[in-house]
Amino acid sequence: GNGGWSLPGVSSDFFTQDEIKRTVKYDPEQAKKLLAEAGYANGLDIKLTSSIARNTGSASAQEQLVQAMLKKVGINATIETPDSATWRTKLYSGDFNTMVLNEKRFGDPDSLFYAQHLSTSSGNFEYVKDAKLDQLINAQRAETDTGKRKDLIGQISKYLHERSYHIALYREVMYSL
């Protein structure tokens, strides 16, 4: 009972659960409609590359859950479980359809936003090239007013989610000593 819904790149208390649930919507019928409009009325086959399997050799419950959720809307995801070297090659060459990654806990959201989503970043393995996103990321980096920066960070998180560049599935509660 300590976990909760999440949005990309921000701590679990950045948005309230109600705010997140207004942004993250589960609508399988709309998803089916969008697939049909995109030319996939009979379904879509994709590969879901496992980031966790490189350590365990098998798909995680998280990846199996994503696979089952996609199946409900007509997306057939085959889970790939490459070894660590193959996984890294796929990640950094862009040789994947979809990848489930554990989102790291950064001290500041900029660490994720700048490194993984800025068009010119070498860590942008999702190959996102989005001028508006770049503008938002650079604006929050330059903003010295805490309230204004928090607003920009919230905008970035929602923007990433809305465009499905980066979808946060959940935020687990972590305890450490």
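No experiment lies behind these values; they were computed from the predicted model shown.

**Describing the overall build of the protein**
Argument step 1. Of the regular secondary structure elements, the protein holds eight helices and three strands.
Argument step 2. When its helices and strands are written in sequence order, the protein yields α-α-β-α-α-β-α-β-α-α-α.
Argument step 3. With 177 residues in all, the protein has 37% of them scored as buried.
Argument step 4. In the protein, 65% of the contacts between residues at least 6 apart in sequence involve partners at least 24 apart.

**Let's talk about the environment of Val100**
Argument step 1. You can see Val100 is positioned in strand β3 (residues 98–100).
Argument step 2. A residue is classified by how much of its surface remains accessible, and Val100, at 6% relative accessible area, is buried.
Argument step 3. If sequence neighbours within four positions are ignored, Val100 has contacts with Leu48, Thr49, Ser50, Ser51, Gln62, Glu63 and Val66.

**Overview of the packing of helix α6 (residues 110–117) against helix α7 (residues 131–142)**
Argument step 1. One way to put it is that α6 packs onto α7 with a least axis distance of 10 Å and a crossing angle of 140°. Between α6 and α7, the crossing angle belongs to the class labelled oblique. Between α6 and α7 lies a crossing of left-handed hand. When α6 is examined against α7, the residues Asp110, Phe113, Tyr114 and His117 are found in contact with a partner set consisting of Leu133, Asp134, Ile137, Asn138, Gln140 and Arg141.

**Some remarks on a nonpolar patch on the surface**
Argument step 1. Taken together, Tyr26, Leu65 and Met69 make up a surface patch of nonpolar side chains, about 320 Å² in accessible area.
Argument step 2. Following the sequence through the fold, Tyr26 ends up in the loop between α1 (17–23) and α2 (28–37).

**Let's talk about the side chain of Gln140**
Argument step 1. Here Gln140 is to be found in helix α7.
Argument step 2. For Gln140, the side chain forms a polar contact with the side chain of Asp110, separated by 2.6 Å.
Argument step 3. Apart from residues no more than four positions distant in its own chain, Gln140 is found in contact with Asp110, Arg149, Leu152, Ile153 and Ile156.

**A word on the confidence of the model for the protein**
Argument step 1. In the predicted model, the protein carries a mean pLDDT of 85, and the fraction of residues at 70 or more is 88%.
Argument step 2. Mean pLDDT across the secondary structure elements of the protein bottoms out at helix α3 (residues 53–56), with 60, and peaks at α7, with 97.

**Focus: the pattern of salt bridges**
Argument step 1. Applying the stated rule across the entire model yields seven salt bridges.
Argument step 2. For the salt bridge of Asp95 with Lys90, the shortest nitrogen-to-oxygen distance reads 3.5 Å.
Argument step 3. By relative accessible area, Lys90 is classed as buried at 14%.
Argument step 4. Linking Arg141 and Asp110 is a salt bridge whose minimum nitrogen-to-oxygen distance equals 3.0 Å.

Cut-offs used in this document
Residues numbered from 1 in each chain as written. Predicted model: local features only at pLDDT ≥ 70, side-chain atom pairs only at ≥ 80, totals over all residues. Heavy atoms only, no water. Helix = DSSP H or I, 4+ residues; strand = E, 2+ residues; numbered from the N terminus. Buried < 20%, exposed > 50% of the residue type's maximum accessible area, 1.4 Å probe, protein only. Contact = heavy atoms within 4.5 Å. Axes fitted to C-alpha atoms, helices over the stretch in contact; angles between N-to-C directions. Parallel < 35°, antiparallel > 145°, perpendicular 65-115°, else oblique. Left-handed = near helix turned anticlockwise from the far one by under 90°. Patch = residues over 30% accessible without salt bridge, like charges linked within 9 Å, V, L, I, M, F, W, Y side chains within 5 Å. Areas by Shrake-Rupley, 256 points an atom, 1.4 Å probe, with all protein chains shown as cover. Salt bridge = Lys/Arg side-chain N within 4 Å of Asp/Glu carboxyl O. Polar contact = N/O pair within 3.5 Å; in protein donor to acceptor, adjacent residues only side chain to side chain. pLDDT = per-residue confidence, 0-100.

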